[in-house]
Amino acid sequence: MPREADIPWAELRAAAQDASRMAYAPYSNFSVGAAGLVDDGRIVSGCNVENASYGLTLCAECGMVSDLHRSGGGRLVAVAVTDPEGNLLAPCGRCRQLLHEAGVPDCAVNEHTTVSELLPGAFDLPAPREMPGVSERRGAGG
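Quick notes on the rules
- Residues numbered from 1 in each chain as written.
- Predicted model: local features only at pLDDT ≥ 70, side-chain atom pairs only at ≥ 80, totals over all residues.
- Heavy atoms only, no water.
- Salt bridge = Lys/Arg side-chain N within 4 Å of Asp/Glu carboxyl O.
- Buried < 20%, exposed > 50% of the residue type's maximum accessible area, 1.4 Å probe, protein only.
- Helix = DSSP H or I, 4+ residues; strand = E, 2+ residues; numbered from the N terminus.
- Patch = residues over 30% accessible without salt bridge, like charges linked within 9 Å, V, L, I, M, F, W, Y side chains within 5 Å.
- Areas by Shrake-Rupley, 256 points an atom, 1.4 Å probe, with all protein chains shown as cover.
- Core = buried A, V, L, I, M, F, W, Y, C linked by side-chain atoms within 4.5 Å.
- Contact = heavy atoms within 4.5 Å.
- Axes fitted to C-alpha atoms, helices over the stretch in contact; angles between N-to-C directions.
- Parallel < 35°, antiparallel > 145°, perpendicular 65-115°, else oblique.
- Left-handed = near helix turned anticlockwise from the far one by under 90°.
- Nonpolar A, V, L, I, M, F, W, Y, C, P; charged D, E, K, R; others polar.

**Topic: the pattern of salt bridges**
Applying the stated criterion across every chain, the model contains 4 salt bridges. The residue R21 makes a salt bridge to D18 at a minimum N-O spacing of 3.0 Å. A residue is classified by how much of its surface remains accessible, and R21, at 47% relative accessible area, is partly exposed. Its salt-bridge partner being R70, residue D67 comes within 2.6 Å of it at the nearest N-O pair. One end of the pair is D67 and the other is R70, both in helix α2 (residues 60-70) and 3 residues apart, which spans about a single turn. Among the residues examined, D67 registers a relative accessible area of 16% and is labelled buried.

As structure tokens, then:
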């Protein structure tokens, strides 16, 4: 895991800004991009995708965490969130919890804070357990 001084903040902000330009935001006209440094050195990104039923809108951080898992998993070390002009944006409450679960304990956000500082008292549930009998059923074609 890189030291704070080794986090490529300019590269993360540029990746977030690039991602924001791909956002689908016809209702709010508020495009957002997020980029994260993974503990193995990869950079993952995502953009917001709105939906007419507002509650189903996906934040940029959701897309970024999906890209994290799609590209091999790992833990987020640092995250930048911007608009198309490169202005830093704060993650919403839902995304703060998402970053808490996808990141290392002191995942840095926008160079000046951490997820822990943004979301004190985050939900911290035990890892999901396999339901009894599920693994046996999966072997039978499911």
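**Observations concerning a nonpolar patch on the surface**
Together, Y24, Y27, V49, Y54 and L58 line one region of the surface with nonpolar side chains, adding up to about 520 Å² of accessible area. Relative to the assigned elements, Y27 resides in the loop between α1 (9-20) and β1 (33-38). Overall, Y27 belongs to the partly exposed group, its relative accessible area being 40%.

**A few points about the nonpolar core**
Grouped together as the largest cluster of nonpolar side chains are 29 residues, with contacts concentrated most on I7, L12, M64, L76, A78 and V79. Sorting the residues of this core by element identifies α1, β1, α2, β3 (76-82), α3 (93-102) and β4 (103-109) as the ones contributing at least two each. With 6 residues, the top contributor of residues to this core is β3. What V79 contacts, discounting residues up to four positions off in sequence, is W9, A35, G36, M64, L99, C107, A108, V109 and N110.

**Points about the packing of α2 against α3**
Two elements in contact, α2 and α3, have axes separated by 10 Å at closest approach and are oriented at 20°. With respect to their mutual orientation, α2 and α3 come out roughly parallel. Of the two elements, α2 crosses α3, and the hand of that crossing is left-handed. Where α2 approaches α3, its residues E61, C62, M64, V65 and L68 are matched on the opposing element by R94, C95, L98, L99 and A102. Residues belonging to the contact of α2 with α3 are distributed by class as follows: 8 nonpolar, no polar and 2 charged.

**With respect to α2**
Residues of α2 that are buried: A60, E61, C62, M64, V65, D67 and L68. Next to the buried residues of α2 lie β1, β2 (43-47), β3 and α3. Once α2 finishes, G72 follows within two positions and takes phi at roughly 125°, a positive value.

**Topic: the environment of V49**
In this fold, V49 is placed in the loop between β2 and α2. A C-alpha to C-alpha distance of 9.5 Å links V49 and C62, two positions 13 residues apart in sequence. Excluding residues that lie within four positions of it along the chain, V49 makes contacts with Y24, T57 and L58.

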